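Topology and contacts: notes
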4 protein chains.
Amino acid sequence: MASPKTNDWRFRLHEIIYESNTPAGKAFDVGLLFAIFASIIVVMLDSVERINNHHGKLFKILEWIFTGLFTIEYILRLISIRRPIKYVFSLLGIIDLIALIPTYLGFFFIGAQSLVVFRALRLLRVFRVFKLGSFLTEINFLTTALKGSVRKISIFLLTVLTLTVILGSVMYLVEKRENGFSNIPESIYWAIVTITTVGYGDISPITPMGKFVASVVMLTGYAIIAVPTGIITHDLAIAARNRKELPESCPSCSSEGHDTDALFCKYCGSSLYR
Amino acid sequence: MASPKTNDWRFRLHEIIYESNTPAGKAFDVGLLFAIFASIIVVMLDSVERINNHHGKLFKILEWIFTGLFTIEYILRLISIRRPIKYVFSLLGIIDLIALIPTYLGFFFIGAQSLVVFRALRLLRVFRVFKLGSFLTEINFLTTALKGSVRKISIFLLTVLTLTVILGSVMYLVEKRENGFSNIPESIYWAIVTITTVGYGDISPITPMGKFVASVVMLTGYAIIAVPTGIITHDLAIAARNRKELPESCPSCSSEGHDTDALFCKYCGSSLYR
Amino acid sequence: MASPKTNDWRFRLHEIIYESNTPAGKAFDVGLLFAIFASIIVVMLDSVERINNHHGKLFKILEWIFTGLFTIEYILRLISIRRPIKYVFSLLGIIDLIALIPTYLGFFFIGAQSLVVFRALRLLRVFRVFKLGSFLTEINFLTTALKGSVRKISIFLLTVLTLTVILGSVMYLVEKRENGFSNIPESIYWAIVTITTVGYGDISPITPMGKFVASVVMLTGYAIIAVPTGIITHDLAIAARNRKELPESCPSCSSEGHDTDALFCKYCGSSLYR
Amino acid sequence: MASPKTNDWRFRLHEIIYESNTPAGKAFDVGLLFAIFASIIVVMLDSVERINNHHGKLFKILEWIFTGLFTIEYILRLISIRRPIKYVFSLLGIIDLIALIPTYLGFFFIGAQSLVVFRALRLLRVFRVFKLGSFLTEINFLTTALKGSVRKISIFLLTVLTLTVILGSVMYLVEKRENGFSNIPESIYWAIVTITTVGYGDISPITPMGKFVASVVMLTGYAIIAVPTGIITHDLAIAARNRKELPESCPSCSSEGHDTDALFCKYCGSSLYR
C-alpha cells in the first residue's frame, strides 16, 4: 500500500504474506486457507478412533508436514514485518503460535499433542481473506451495527444470567437432589439449558411444582429472546441510516438532514457540492 | 402471452402445460399438483411397514400409474417447448426427471426404487402454481428482500460454522470420549445441535467444566440468533421502501427518488404530475 | 349501544349477556369468566388420577353444576338475541355448545364425557372480556398487523413444510429403519421437530451421514426462523404508520400524507379540519 | 444530591450507602457487590455434596460472616434513611431482608437454612451499581422501550397460554395416559415445553395422530415466536424516535412534535430557533 522500494526482498515478502492486492498475495492467502482447512480436517479425522486405527501413521506424518509449513510461514511473517513484536502479540499472531506449539510440546508431555485442536482457531483467517472484494462492505456494515449493540446485548445477557441464578436456586429447593437437580450450579446449568430453549432433557423437572416453575422459565425465555433481536434490528437500521447520512451537511448554512440525493440545500438554497 | 398462431397444436399444448392464464392451463396445473400430492402420499404410506404389508401390491400399481403419468407429462413438455434442451437442464426439468428414474431403475438395481422419495422435490412446483393470482406480489416481495439478505446471512452462517468448529474442538478436549464426545466431528455436531438451540440430548455434557462450556455455547446461540433476524427485518424494510418509490420518476428529467409527497422535481423544478 | 326500548326485558337481557358497557353486563362477563376458569380447573384436576381417586364424586357434581349453569347461559343467549340462528353458527356459539354436549353425551356413550376437555376452548372468551377498556387498542393494533402478515406467513409455512417433506424423505434414505426413522411420515415428523429447533431427542440421527444432514436441517431452521420475525416486525411498523395516517387527507385538495398533528394542508394551505 | 448539612453523620452515612457519586459511596457499592457475589458462590459450592463433605465447616463459618455483614448493612440502611419504613417495604428492602432471615431461622426450623439460596435475589443490586456511568443511558432506553411493550407482550403470553391449555387438552385425549400424557396439567406442561421450542423429550408423542398434533404445535410455536420479537423491535424504534424528538418544542407556543428539520413552528409560525 505505502509507496514501496521494490528492490527490497523483505518488502516483496511482506506484500505477499500480509497484503492481498497482488496476484502473488492473493495466491498466498488462498493457499494458506486451503492448508488451514486441510490441517483441521486431518486433526478431525485423526480424532475418529476407527479411522485413526487404520491411517494413524499417515495422519502423524501429515500433521508434521502442516506443522512444518506453518512454522515456516510463522518465521517468514516474523522476518518480513517491520515490528515483529507487534505481530507476535496480536490476536492473529497468538493464534498462529498456538497452532504450532502442541505438535512440538508432544515431544515433552504426553497428551499435549491433543491441544492441536486449537488449530481450529486459525479458521478465523477466513474472514481476513473474505474481507477482500465484495464482501467487505457487508462485513463492515454488520460489524459496525453489532458494535453498537454490544453494550445493550451485555446488559441483556447479564439480566438473563441473574435470572438463571435466581431461577436455578429456586428450582434446587423445589425439585431436590433426587430428581437430578443435585446442586445449585447444576440447577443453574438446567436454567440456562431451559431459558435458551435448548432443552437437552438430561435434567428435567419431575414434581408438579417443578414443572410449574419450569413452565415459567420457558415462557420467560420464549418472551425475552425477542429483546436481543429487537436491539440488533434496531441497530442495523441505525447503522444503515448513518451510512447514508454521513456526507451531508450544507457547506454554507451547515444545516443537516438533507435527502441523500439532494443537490441544493433546502433551507438556504445554496449548492450542497461546491 | 405472446400473440399466438392458434392453428398450431404445439403452441396450444405449450399454453396448457407451461402457462396458466387459460382455463385449460389452470386445470392442468391444479391437476398436476394433485397428482404430485397423491404420488407423494403413496410413497409415504408405502414406507410404513404395517400399511405396506397389507396394501403393498396396490401401492406398487399406483406407483407405476403415477410414473406413467409423469413420463407422459415429461414427454409432452419436451415436444411442446421450442428449446427442449433448456428445459431438460433447468432446475424444474432435472427434478421432473429425478421423479421418474427411480421406478425404472428398480428393474435393474434392487433398492434403487427407494430413491422415489426424491419425488418430494416436485412439491416445489407448488410455488409455480401459487405464483398465479394474488400470492404473486407477496412471493416477489419476499424473494426480493431475501435475495438482498443472502450475502449477510452467508457471512453469519460462516461465522456460526467457524464457532462450532472451535467450540466443538474445545468440548472434545474437555469432555473426552467416555462422555459421548467420541471424536471432533461428533463434537462439532453437538455444537451445532446446541448453538441452534435444538438440543436433542443424545450427547450432552457430563463434567462441570463441560457444562460450563456448554452454557457459554447456549448463551452465544441465544444471543446471535438475533443477527439473521435483524438482517432480514432490515432488508424487508428496504425492499418495501424500494417498492413504494418505484413509480416516482420525474416525467421531464426522469430522475428518481423524490419524496413521496413532493409536487415538483427537486432536480429540474418541473411538475411531477403533468 | 343502540337507543333502547328499556321496557323490553329481552333487550335488558341482551344488554347484560352480550354487551359490557353497563355495570350488570360487566358483572355478568367477569362472573362468566370465573365460571369458565373454575370449570376448566375442575376438568384438569379430575384428570389427575391421584386427585380423582379421592374427590371423584365431588368433581362429578361440580361438572354437572357447571354444565347446568352453561346450559342456562346458552338458552338465555338464544332467547335474548334477535337472530338466534346466527349466534348458534358463530364461532363462539359453536364453542359454547361444544362445552355443553360432552356431559350430556356421557349418558349414552361411555367415554364421551372425556370430550369435556374441549371446554378449554371457552377460554377464548377471555379476549372478548379483555377487549373492554384499555387493552382494546393494543388488541386491535396487533390483529390488524397480524392480518397483514397472514399471507406471507402462510407462504413461509408452506415453504417450511415442503422443506421438511424433502429433508425428511432424504433422512429416511440416509438413516434407515433401524435408527428410528422407521418410515417417511416419521422422518417428516423428525424434520419438523428439528427445523423448529424443538429437538425432543426421541428420534435423532446415528450415522455420520445422518448427523451431517441433520446439521444442515438445524442450520436451515436457525437461519429461516428470521423470516417470520422479519415479516411481522415489518407489518407492525406498517400498521403503526397506517394507524397514524388514517384520518389525514386534505378535505379541499384531498392530498394525503400530512403529519399527524398538522392543522393546515401543506400543499394548498386550507385547513385540514373544517 | 439535595443540599446537605455536612455536619450530620447520618447524612454522610446515607450518602455512602444509598448514593454512589462520592468516592466512598462508589467504594461501598463495589464492596457490597463483591460481598454479594462471594456469599452466593459460598451458597452454591455448599450445595455441591462432594465439596460440602470436605469444607462444610468453613462454609458454615463464611455463611455466618456474610449474614453478619449483611445484617450490619441492613441496620445501617435503616438508621441512615429518613423514612426507614419505606425502605423496609420497598422491593430491594424486602430482598435484603430475605437474604438475612434464613440463616437465623436455621436455629429454630431444621432445613429453613436452605432458603438462603434466595440470597441470589440480591444480585439484582448489580443493576443499581451498573446504572452509574455510561450504562445508564442504555438501561433507561431499554426499560422505556420494554415498558411500552409490556401490555402487548401480556396479550401475547395470554394467547399462548390459552393455546397451550387447548392444545394440551386435545393431546391428552389423543395420546392417553399410557404414553406419558398422564393428566391434563401434565399435557399442558408438554404443550408449553413444545410451543416454546424447548423440547426436553421427557414427554413426547408416540401415536401417529399425536405426532401430527405435536407437529401443528411446533409449527405454531415456530411461527408465533415472531410476534414478541416484532413487538419489541417496533417499540425500540418508537423509543429511539421519541428520545430524539424530545428537545423540540416551540419556544413561543410550546407545541411539540415538529419535524426534525423544521425551522418555523407549524402551529404559530414563529421561529423554532430564536
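Residues numbered from 1 in each chain as written. Chains lettered and ligands numbered in written order. Predicted model: local features only at pLDDT ≥ 70, side-chain atom pairs only at ≥ 80, totals over all residues. Heavy atoms only, no water.

Further remarks concern the overall build of chain A. The helix and strand tally for chain A stands at 11 helices and zero strands. Listing the helices and strands of chain A from first to last along the sequence gives α-α-α-α-α-α-α-α-α-α-α. Taking contacts inside chain A between residues at least 6 apart in sequence as the whole, the part at least 24 apart equals 51%. Carbon and sulfur atoms form 68% of the exposed surface of chain A, whose accessible area is close to 13900 Å². (Helix = DSSP H or I, 4+ residues; strand = E, 2+ residues; numbered from the N terminus. Contact = heavy atoms within 4.5 Å. Areas by Shrake-Rupley, 256 points an atom, 1.4 Å probe, with all protein chains shown as cover.)

What follows concerns helix α10 (residues 208–224) of chain A. All names here are of chain A. Taking 1.5 Å of rise per residue, 17 residues should cover 24 Å, and α10 covers 24 Å from first to last C-alpha, within 8% of that figure. Along α10, 12 of the 17 residues are buried, which leaves the element largely enclosed by surrounding structure. Residues of α10 that are buried include every one of Gly210, Lys211, Val213, Ala214, Ser215, Val217, Met218, Leu219, Gly221, Tyr222, Ala223 and Ile224, and no others. (Expected span 1.5 Å × (residues − 1). Buried < 20%, exposed > 50% of the residue type's maximum accessible area, 1.4 Å probe, protein only.)

A few words on the UniProt feature "transmembrane region" (unreviewed entry) in chain A. Residues and elements named next belong to chain A. Those residues carrying the UniProt feature "transmembrane region" (unreviewed entry) are residues 30–49, 61–81, 87–111, 153–175, 187–206 and 212–233 in this numbering. Taken as a whole, residues 153–175 contains 100% helix and 0% strand, while its terminal C-alpha atoms sit 31 Å from one another. Between the C-alpha atoms that bound residues 212–233 there is a distance of 33 Å. The span itself is 95% helix and 0% strand. (UniProt positions renumbered as here; feature names shortened; annotations may be inferred.)

Attention now moves to the relation of the copies chain B and chain A. Overlaying chain B on chain A yields an RMSD of 0.1 Å, the required transformation being a rotation through 90 degrees with an accompanying axial translation of 0.0 Å. Expressed as an axis order, the relation between the two copies is that of a four-fold axis. A share of only 16% of interface residues in chain B that are also interface residues in chain A marks the association as one of differing surfaces. (Least-squares fit on C-alpha atoms with pLDDT ≥ 70 in both.)

What follows covers the side chain of Thr162 of chain A. Relative to the assigned elements, Thr162 of chain A resides in helix α8 (residues 135–175). Taking relative accessible area as the criterion, Thr162 of chain A reaches 6% and is therefore assigned buried. Each residue touching Thr162 of chain A, except ones within four places of it in the same chain, is listed here: Leu123, Leu124 and Phe127 of chain D.

With an RMSD of 0.1 Å, chain D superimposes on chain C once it is rotated by 90 degrees and translated 0.0 Å along the axis. Comparing interface residues between copies, only 16% of those in chain D also sit at the interface in chain C, which points to a heterologous contact through distinct surfaces.

Further remarks concern a positive patch on the surface. Taken together, the side chains of Arg241 of chain A, Arg241 of chain B, Arg241 of chain C together with Arg241 of chain D define a basic patch exposed on the protein surface. One can find Arg241 of chain B in helix α11 (residues 226–245). A relative accessible area of 43% places Arg241 of chain B in the partly exposed class. (Patch = residues over 30% accessible without salt bridge, like charges linked within 9 Å, V, L, I, M, F, W, Y side chains within 5 Å. Salt bridge = Lys/Arg side-chain N within 4 Å of Asp/Glu carboxyl O. Lys, Arg positive; Asp, Glu negative; His and termini not counted. Charge placed at Lys NZ, Arg CZ, Asp CG, Glu CD.)

Applying the stated criterion to the full structure yields 32 aromatic pairs over all chains. Ring centres 6.4 Å apart and planes at 70 degrees place the aromatic pair Phe107 of chain A and Phe108 of chain A in the edge-to-face group. In this structure, Phe107 of chain A and Phe108 of chain A share a single accessibility class: exposed. By the ring-pair criterion, three or more aromatic residues cluster together here, those being Trp64, Tyr104, Phe107 and Phe108 of chain A. Seen from the ring of Tyr18 of chain B, Arg77 of chain B lies directly overhead, with NZ or CZ sitting 5.2 Å from the centre. (Phe/Tyr/Trp six-rings, centres within 6.5 Å; stacked < 30°, edge-to-face > 60°. Lys NZ or Arg CZ within 6 Å of the ring centre and 35° of its normal.)

With that settled, the discussion passes to the interface of chain D and chain C. With 49 residues of chain D at the interface, the matching set in chain C holds 54 residues. Summed over both sides, the interface between chain D and chain C buries roughly 4400 Å², with carbon and sulfur atoms accounting for 72% of that surface. Taken together, the connections running from chain D to chain C amount to one salt bridge. Inspection of the region where chain D meets chain C yields six residue pairs in polar contact (both at pLDDT 80 or more). In terms of residues, the side of chain D that touches chain C owes the most to one element, helix α8 (residues 135–175) of chain D, which gives 12 residues. Across the side of chain D that touches chain C, the residue classes tally to 25 nonpolar, 16 polar and eight charged. (Buried area = accessible area lost by both parts, 1.4 Å probe. Polar contact = N/O pair within 3.5 Å; in protein donor to acceptor, adjacent residues only side chain to side chain. Nonpolar A, V, L, I, M, F, W, Y, C, P; charged D, E, K, R; others polar.)

Right, let's get into the environment of Ala214 of chain A. With respect to the secondary-structure elements, Ala214 of chain A resides in helix α10. The exposure class of Ala214 of chain A is buried, given its relative accessible area of 0%. Remark: the alpha-carbon pair of Ala214 of chain A and Gly199 of chain A, spanning 15 residues in sequence, is separated by 11 Å. The contacts of Ala214 of chain A, once residues within four sequence positions are left out, are Met171, Trp190, Thr194 and Pro205 of chain A together with Tyr189 of chain D.

Another aspect to go through is the nonpolar core. Judged by nonpolar contacts, the single largest core of 273 residues is most densely connected at Trp190 of chain A, Trp190 of chain B, Trp190 of chain C together with Trp190 of chain D. In this structure Trp190 of chain A touches Met171, Phe181, Ile203, Ser204, Pro205, Ala214 and Val217 of chain A together with Tyr200 of chain D, once residues within four positions along its chain are discounted. (Core = buried A, V, L, I, M, F, W, Y, C linked by side-chain atoms within 4.5 Å.)

The next thing to look at is the packing of helix α1 (residues 9–18) of chain C against helix α2 (residues 23–47) of chain C. Residue and element names in this part refer to chain C. As a packed pair, α1 and α2 sit with axes 7 Å apart at the nearest point and diverge in direction by 50 degrees. One way to sum up the angle between α1 and α2 is to call them oblique. Counted together, Glu15, Ile16 and Ile17 of α1 and Ala24, Gly25, Phe28 and Asp29 of α2 form the full contact between these two elements. (Axes fitted to C-alpha atoms, helices over the stretch in contact; angles between N-to-C directions. Parallel < 35°, antiparallel > 145°, perpendicular 65-115°, else oblique.)

To continue, consider the domain arrangement of chain A. Here the domain parsing of chain A yields domain 1 (4–132) and domain 2 (139–241). Placing a centre on the C-alpha atoms of domain 1 of chain A and another on those of domain 2 of chain A gives a separation of 37 Å. (Domains from an automatic or database assignment.)

Often, the extent of an interface is quoted as the loss of accessible area upon association of its parts. Contacts between chain B and chain A engage 49 residues on the former and 55 residues on the latter. Of the roughly 4400 Å² buried where chain B meets chain A, counting both sides, 72% is carbon and sulfur surface. Between Glu186 of chain A and Lys211 of chain B there is a salt bridge, and its shortest N-O distance comes to 2.7 Å. Applying the counting criterion to the chain B and chain A interface returns six residue pairs in polar contact (both at pLDDT 80 or more). For the side of chain B that touches chain A, the secondary structure elements donating two or more residues are α8 (135–175), α9 (184–195), α10 (208–224) and α11 of chain B. No other element matches α8 of chain B, which puts 12 residues into the side of chain B that touches chain A.

Inspection of the secondary structure puts Thr71 of chain D in helix α3 (residues 49–80). Ignoring anything within four residues of it in the chain, the contact list for Thr71 of chain D reads Leu100 and Tyr104 of chain D.

The next thing to look at is empty space enclosed by the protein. Counted under the stated rule, the structure contains nine cavities of 30 Å³ or more. Taken as a whole, the largest cavity encloses approximately 140 Å³ of empty space. Taken together, 13 residues line the largest cavity, and the ones lying closest to its centre are Ile225 and Thr229 of chain A, Ile225 of chain B, Ile225 of chain C together with Ile225 of chain D. A per-class count over the lining of the largest cavity returns five nonpolar, eight polar and no charged. (1 Å grid on protein atoms, 1.4 Å probe; cavity = no way out; pocket = protein on both sides within 12 Å on 5 of 7 lines; lining within 4 Å. Points joined across faces, edges and corners; volume = space filled by probe spheres on them.)

A few words now on the environment of Thr220 of chain A. Residues and elements named next belong to chain A. Structurally, Thr220 is set in helix α10. Residue classification places Thr220 among the partly exposed positions, given a relative accessible area of 22%. In this structure the C-alpha to C-alpha distance between Thr220 and Leu163, which are 57 residues apart in sequence, comes to 9.7 Å. Among all residues touching Thr220, those that are not within four sequence positions of it are Leu163 and Ile195. Here the side chain of Thr220 touches Val216 through a polar contact of 2.6 Å, landing on its backbone oxygen.

On to the pattern of salt bridges, then. In this structure the tally under the stated criterion is 24 salt bridges over all chains. Arg122 of chain B is paired through a salt bridge with Asp96 of chain B; the nearest N and O atoms lie 3.0 Å apart. Highlighted residues: Arg122 of chain B in the loop between α6 (101–105) and α7 (125–130) and Asp96 of chain B in helix α5 (residues 91–98), separated in sequence by 26 residues. One exposure class covers both Arg122 of chain B and Asp96 of chain B, and it is buried. Asp96 of chain D is the salt-bridge partner of Arg77 of chain D, the closest N and O atoms lying 3.9 Å from each other. Placement of Arg77 of chain D in helix α3 and of Asp96 of chain D in helix α5 (residues 91–98) is noted, with a sequence separation of 19 residues between them. Residue Arg77 of chain D shares its accessibility class with Asp96 of chain D, and that shared class is buried. A cluster of three or more residues bridged by salt bridges with shared partners is formed by Glu73, Arg77, Asp96 and Arg122 of chain A.

Let us now look at the environment of Val116 of chain A. Residues and elements named next belong to chain A. Structurally, the position occupied by Val116 is in the loop between α6 (101–105) and α7 (125–130). Owing to a relative accessible area of 6%, Val116 belongs among the buried residues under this scheme. Each C-alpha atom of the pair Val116 and Val160 lies 34 Å from the other, and the pair is 44 residues apart in sequence. Residues contacting Val116, with those up to four places away along its chain left out, are Val43, Glu63, Pro102 and Thr103.

Another aspect to go through is the packing of α2 of chain C against helix α9 (residues 184–195) of chain D. Between two packed helices, the angle of one axis relative to the other and the distance separating the axes together describe the packing. Where α2 of chain C contacts α9 of chain D, the axes come no closer than 7 Å and their chain directions differ by 100 degrees. The orientation of α2 of chain C with respect to α9 of chain D, classified from their angle, is roughly perpendicular. Residue-level contacts link Val43, Met44 and Ser47 of chain C of α2 of chain C to Ile184, Pro185 and Ile188 of chain D of α9 of chain D. A class-by-class count of the residues in the contact of α2 of chain C with α9 of chain D yields five nonpolar, one polar and no charged.

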